[in-house]
Amino acid sequence: MAERILLVEDDSITRQYLSQGLRDEGYEVLEAGDGHHAVELLDSREFDLVITDFFIPRLDGIRLAERIRRDSPSTPIIVLTAYISAKFANNLLAGAEFIRKPVELEVVVAAVKRLLQPPG
(Lines give C-alpha, C1' and ligand atoms only; values in the text may rest on other atoms or scores of the structure.)
Protein backbone atom coordinates (compact mmCIF):
# COMPACT_ATOMS: atom_id res chain seq x y z
CA MET A 1 0.00 0.00 0.00
CA ALA A 2 1.28 3.49 -0.87
CA GLU A 3 2.30 5.80 1.91
CA ARG A 4 -0.34 8.42 2.64
CA ILE A 5 0.65 12.09 2.69
CA LEU A 6 -1.43 15.05 3.84
CA LEU A 7 -0.54 18.17 1.84
CA VAL A 8 -1.76 21.43 3.39
CA GLU A 9 -1.26 24.44 1.11
CA ASP A 10 -3.61 27.36 0.50
CA ASP A 11 -2.14 28.24 -2.90
CA SER A 12 -3.99 25.94 -5.30
CA ILE A 13 -1.28 26.04 -7.99
CA THR A 14 1.46 25.01 -5.56
CA ARG A 15 -0.83 22.39 -3.99
CA GLN A 16 -1.65 20.85 -7.38
CA TYR A 17 2.00 20.94 -8.49
CA LEU A 18 3.25 19.15 -5.38
CA SER A 19 0.31 16.80 -5.15
CA GLN A 20 0.66 15.58 -8.73
CA GLY A 21 4.43 15.25 -8.41
CA LEU A 22 4.09 13.15 -5.25
CA ARG A 23 1.39 10.99 -6.84
CA ASP A 24 3.70 10.43 -9.80
CA GLU A 25 6.23 9.09 -7.27
CA GLY A 26 3.65 6.56 -6.03
CA TYR A 27 2.34 8.29 -2.91
CA GLU A 28 -1.30 8.64 -1.95
CA VAL A 29 -1.88 12.36 -1.41
CA LEU A 30 -4.85 14.02 0.28
CA GLU A 31 -5.07 17.79 0.06
CA ALA A 32 -6.29 20.56 2.34
CA GLY A 33 -6.40 24.27 1.57
CA ASP A 34 -6.57 25.41 5.19
CA GLY A 35 -5.82 24.30 8.73
CA HIS A 36 -9.38 23.35 9.69
CA HIS A 37 -9.78 21.07 6.68
CA ALA A 38 -6.41 19.52 7.54
CA VAL A 39 -7.60 18.81 11.11
CA GLU A 40 -10.75 17.16 9.74
CA LEU A 41 -8.62 14.89 7.56
CA LEU A 42 -6.23 14.14 10.43
CA ASP A 43 -9.18 13.20 12.64
CA SER A 44 -10.60 10.82 10.03
CA ARG A 45 -7.52 8.83 8.95
CA GLU A 46 -3.85 8.24 9.58
CA PHE A 47 -1.03 9.76 7.57
CA ASP A 48 2.54 8.62 7.13
CA LEU A 49 3.77 12.20 6.60
CA VAL A 50 2.37 15.73 6.60
CA ILE A 51 3.52 18.62 4.42
CA THR A 52 2.16 22.01 5.45
CA ASP A 53 2.69 25.58 4.44
CA PHE A 54 3.79 27.84 7.31
CA PHE A 55 1.08 30.43 6.67
CA ILE A 56 -2.31 28.83 6.00
CA PRO A 57 -5.78 30.14 6.79
CA ARG A 58 -7.85 28.99 9.76
CA LEU A 59 -4.96 27.53 11.83
CA ASP A 60 -1.38 28.28 10.91
CA GLY A 61 1.15 25.62 9.97
CA ILE A 62 3.03 25.73 13.27
CA ARG A 63 -0.16 25.23 15.32
CA LEU A 64 -1.13 22.41 12.97
CA ALA A 65 2.31 20.82 13.34
CA GLU A 66 2.11 21.15 17.13
CA ARG A 67 -1.23 19.33 17.08
CA ILE A 68 0.24 16.56 14.93
CA ARG A 69 3.20 16.26 17.34
CA ARG A 70 0.78 15.95 20.26
CA ASP A 71 -1.54 13.40 18.65
CA SER A 72 0.93 11.46 16.49
CA PRO A 73 4.49 12.20 17.66
CA SER A 74 6.20 9.87 15.19
CA THR A 75 4.59 11.38 12.06
CA PRO A 76 7.22 13.27 10.04
CA ILE A 77 6.35 16.88 9.21
CA ILE A 78 7.65 19.08 6.42
CA VAL A 79 6.93 22.82 6.73
CA LEU A 80 7.11 24.98 3.62
CA THR A 81 7.97 28.64 4.16
CA ALA A 82 9.12 31.68 2.27
CA TYR A 83 9.17 33.99 5.26
CA ILE A 84 11.42 32.68 7.99
CA SER A 85 14.81 31.08 8.26
CA ALA A 86 15.14 27.38 8.94
CA LYS A 87 17.09 28.17 12.12
CA PHE A 88 14.26 30.31 13.50
CA ALA A 89 11.69 27.76 12.37
CA ASN A 90 13.53 24.94 14.14
CA ASN A 91 13.25 26.93 17.34
CA LEU A 92 9.48 26.97 16.81
CA LEU A 93 9.13 23.29 16.03
CA ALA A 94 12.15 21.12 16.63
CA GLY A 95 12.29 17.96 14.59
CA ALA A 96 10.32 19.20 11.59
CA GLU A 97 11.91 19.52 8.18
CA PHE A 98 11.76 23.05 6.75
CA ILE A 99 11.87 23.73 3.01
CA ARG A 100 12.11 27.26 1.61
CA LYS A 101 9.62 28.51 -0.94
CA PRO A 102 9.44 28.68 -3.84
CA VAL A 103 9.63 24.92 -3.63
CA GLU A 104 11.22 22.62 -6.14
CA LEU A 105 9.47 19.30 -6.53
CA GLU A 106 12.77 17.40 -6.49
CA VAL A 107 13.67 18.87 -3.09
CA VAL A 108 10.28 17.94 -1.62
CA VAL A 109 10.38 14.42 -3.06
CA ALA A 110 13.90 13.86 -1.73
CA ALA A 111 12.83 15.01 1.75
CA VAL A 112 9.73 12.79 1.66
CA LYS A 113 11.75 9.74 0.63
CA ARG A 114 14.34 10.38 3.32
CA LEU A 115 11.75 10.89 6.06
CA LEU A 116 9.70 7.84 5.09
CA GLN A 117 12.53 5.37 4.80
CA PRO A 118 12.56 2.79 7.58
CA PRO A 119 15.09 3.38 10.37
CA GLY A 120 18.32 1.44 10.21
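See above for the structure.
So, here is what we can say about the structure in this document. Note that the structure is predicted; figures quoted are calculated from it, not measured.

**Observations regarding helix α1 (residues 12–24)**
Counted at 1.5 Å a residue, the expected span for α1 with its 13 residues is 18 Å, and the 18 Å between its end C-alpha atoms agrees. Buried-residue contacts for α1 involve β1 (4–8), β2 (28–32), β3 (49–53), β4 (77–81) and α5 (105–116). Looking one or two residues past α1, glycine 26 carries a phi angle of roughly 100°, positive in sign.

**Overview of the side chain of threonine 75**
Assignment of secondary structure puts threonine 75 in the loop between α3 (61–71) and β4. Of note is the side chain of threonine 75, whose polar atom sits 2.4 Å from the side chain of serine 72. Not counting residues within four places of it along the chain, the set of residues in contact with threonine 75 comprises Phe47, Asp48, Leu49, Val50, Ile68 and Arg69.

Rules and cut-offs
- Residues numbered from 1 in each chain as written.
- Predicted model: local features only at pLDDT ≥ 70, side-chain atom pairs only at ≥ 80, totals over all residues.
- Heavy atoms only, no water.
- Helix = DSSP H or I, 4+ residues; strand = E, 2+ residues; numbered from the N terminus.
- Expected span 1.5 Å × (residues − 1).
- Contact = heavy atoms within 4.5 Å.
- Polar contact = N/O pair within 3.5 Å; in protein donor to acceptor, adjacent residues only side chain to side chain.

Interpretation in functional terms is not warranted from these geometric data alone.
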